[in-house]
Amino acid sequence: QAGNVTINGSAATPFKLIASNKSVTQGQQVCVDITTEGFDSIGTTRYTLQYDTTRLQFVSVGSFNLAGLSNASFGLPGTSGVPKGRITVNWTNTP
């Protein structure tokens with residue numbers, strides 16, 4: 001089943017988050033790539049990724065391809081008040 005991304009709020013430059021579509025056998029580990037469209041001239045962004053905990057178990061974030069994005073940019077499920085099934089992202093462009 002394909003994932004859905006909902007963006008709430010307003011932006012001077014709208015952009016899309018695109019989650020890769022993956023099929024795996026139960027028990028296998030999978031990496032879901034998140035890419036963007038229209039991610040130009042953006043100074044900062046904050047959003048929450050939500051997933052179904054009955055189907056997926058969070059392991060880690062990594063392989064960042066964006067300046068300024070690091071492990072510290074993420075609120076991970078079950079830590080610092082972030083509920084299981086959610087990953088928060090807070091990124092600021094640092095020239």
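See the structure printed just above.
Caption draft 1: Spatial organisation of the overall build of the protein chain. For the protein chain, the helix and strand inventory stands at zero helices and five strands. Listing every helix and strand of the protein chain by position from the N terminus yields β-β-β-β-β. A burial count over the protein chain gives 17% of its 95 residues as buried. Sequence separation of at least 24 residues holds for 41% of the intrachain contacts in the protein chain that already meet a minimum separation of 6.

Caption draft 2: Layout of the nonpolar core. Membership of the largest hydrophobic core is limited to 10 residues, which are Phe15, Leu17, Ile42, Leu49, Tyr51, Leu69, Phe74, Ile87, Val89 and Trp91. Ranked by residues supplied to this core, first place goes to strand β5 (residues 86-92) with three residues.

Caption draft 3: Molecular detail of the pattern of salt bridges. On inspection of all chains with the given rule, the structure shows two salt bridges. Between Lys22 and Asp33 there is a salt bridge, and its shortest N-O distance comes to 4.0 Å. Taken together, the residues Lys22 in the loop between β1 (16-19) and β2 (34-37) and Asp33 in the loop between β1 and β2 connect sequence positions 11 residues apart. Under the relative-accessibility criterion, Lys22 is labelled partly exposed at 41%.

The rules behind the values
Residues numbered from 1 in each chain as written. Predicted model: local features only at pLDDT ≥ 70, side-chain atom pairs only at ≥ 80, totals over all residues. Heavy atoms only, no water. Helix = DSSP H or I, 4+ residues; strand = E, 2+ residues; numbered from the N terminus. Buried < 20%, exposed > 50% of the residue type's maximum accessible area, 1.4 Å probe, protein only. Contact = heavy atoms within 4.5 Å. Core = buried A, V, L, I, M, F, W, Y, C linked by side-chain atoms within 4.5 Å. Salt bridge = Lys/Arg side-chain N within 4 Å of Asp/Glu carboxyl O.

By themselves, these figures tell us nothing about what the structure is for.
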